[in-house]
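# Summary of the model geometry
Listed below are the residues making up each chain.
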Amino acid sequence: MTNINSDMTTYDIVTYSSSNNRLDGKFRSVTVRSLRSGVVIRTRRGYRAAGVDDVLGTPTSSSTTGSALGTVVAVTPRSNFRIRTATARPGDAAAAVVWVVGELDYRARRDVTWTAGGTADVTVVSADGQEVFATSIDVPANAAAFTMRGPDAGGLAPGEYAVRVRLRPNNQEGLPVVDTARLIVPKDLPALSDSLIWRRGPSTGPQFVITADPRFQHSDRIRVEIPTSAQGTPTARMLDRSGKPNKVPVAVTEREEPSTQFRWVVAEAVLAPLAPGDYAIETTVGNAKQVTAFQLVP
């Protein structure tokens, strides 16, 4: 019992963060040594890296209210870093472009680790483990979130992909944070593509800020932006968890953005009238619909 007590009370915890971003699922050996004589170190031989299947094995979402809300429920409030992806196909192009939005949790942003900003390493890997493209983004210290649109040339062919984002602080003493996501590019992208979510509230000031966190508060406003190729007048309405519309109004506007080759449908709503719970904004253009789920927290 004395030896057990000694082992449990006199030890150091050393953390290790790999700089290898590959989703290869291989075993990686780790060796720990000490320059101090007489020190006995007991460690694991290594660890198995995450593979493409680990990311692609998660269930995908569809445009139904139930499955969209399911992705919101799966968000853990304990996560320090989150990413969100969206795809769209410009015009008649065969390949799609992807947006990757990353956001550091507001509690983590207050840590001294991130006061100097950071760098986001974004890697997209195909289902067979081949790297499709990779890029790095500078994240300013005052930025709540960042956005990457890629690839720079061409696009993503239909298929399944794994997206991995590693955000490392410019402060050398800090540890990076990582998140992964499953990305599916269907053979026939819907007329209303995936949505990008923005928020405006006390934490953002007077401007809207893009977000990867689908959780909102009463004092926030939500904006949903959807690239589309559909023709017609867009409409939007607020749905509750059961998929039934409520009386909270949703304002809808449009804008053309020649630089991105997209027409954007923008839906915006004030969240103050809602009680805490799960909701969704259903956007419709002609026969095309897109459901964007979010959660209102106390």
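All figures in this text were calculated on a predicted structure; none of them were measured in a lab.

A few words now on a nonpolar patch on the surface. Together, Met-1, Ile-4 and Met-8 give the surface a local cluster of nonpolar side chains, amounting to about 410 Å² of exposed area. As for its placement among the helices and strands, Met-1 is situated in the segment before α1 (2-9). Residue class for Met-1 comes out exposed when judged on its relative accessible area of 80%.

This part takes up the nonpolar core. The nonpolar side chains of a soluble globular protein tend to be buried with one another. Core analysis: the biggest nonpolar cluster contains 26 residues, and Phe-81, Phe-146, Val-165 and Leu-167 have the highest contact counts within it. Where this core is concerned, the elements lending two or more residues are β3 (81-88), β4 (97-104), β5 (118-126), β6 (131-139), β7 (145-150), β8 (159-169) and β9 (177-185). Membership of the second largest hydrophobic core comes to 22 residues, among which are Val-248, Ala-267, Val-285 and Ala-288.

Pairing within the open sheet is antiparallel, and its 4 strands lie in the order β6-β5-β8-β9. Looking at which strands have only one partner, the edges of the open sheet turn out to be β6 and β9. Taking each pair of neighbouring strands and ignoring which way they run, the sheet shows an average axis angle of 15 degrees.

With that settled, consider the sheet that holds strand β18 (residues 288-296). Pairing in this open sheet of 4 strands is mixed, and the strands run β12-β18-β17-β14 from one edge to the other. Single-partner strands in this sheet number two, and they are β12 (215-216) and β14 (234-239). As defined by bridge partners, strand β17 (residues 277-285) adjoins β18 across 9 bridges and the pair is classed as antiparallel. Along β18, the bridge assignment pairs Val-285 with Ala-288.

What follows is about unusual backbone geometry. Cis geometry marks the peptide bond from Gly-150 to Pro-151, where omega comes out at -5 degrees. Mapped onto the secondary structure, Pro-151 falls in the loop between β7 and β8.

Okay, the pattern of salt bridges next. Enumeration over the complete set of coordinates arrives at 16 salt bridges. Arg-107 serves as the salt-bridge partner of Asp-105, at 2.7 Å between the closest nitrogen and oxygen. Looking at Arg-107, the relative accessible area reads 38%, which means it is partly exposed. A salt bridge links Arg-255 to Glu-225; the nearest nitrogen and oxygen atoms lie 3.1 Å apart. Separated by 30 residues along the polypeptide, Arg-255 in strand β15 (residues 251-257) and Glu-225 in strand β13 (residues 221-228) bring together distant segments of the chain.

About the cut-offs
Residues numbered from 1 in each chain as written. Predicted model: local features only at pLDDT ≥ 70, side-chain atom pairs only at ≥ 80, totals over all residues. Heavy atoms only, no water. Patch = residues over 30% accessible without salt bridge, like charges linked within 9 Å, V, L, I, M, F, W, Y side chains within 5 Å. Areas by Shrake-Rupley, 256 points an atom, 1.4 Å probe, with all protein chains shown as cover. Salt bridge = Lys/Arg side-chain N within 4 Å of Asp/Glu carboxyl O. Helix = DSSP H or I, 4+ residues; strand = E, 2+ residues; numbered from the N terminus. Buried < 20%, exposed > 50% of the residue type's maximum accessible area, 1.4 Å probe, protein only. Core = buried A, V, L, I, M, F, W, Y, C linked by side-chain atoms within 4.5 Å. Pairing = 2+ DSSP bridges. Axes fitted to C-alpha atoms, helices over the stretch in contact; angles between N-to-C directions.

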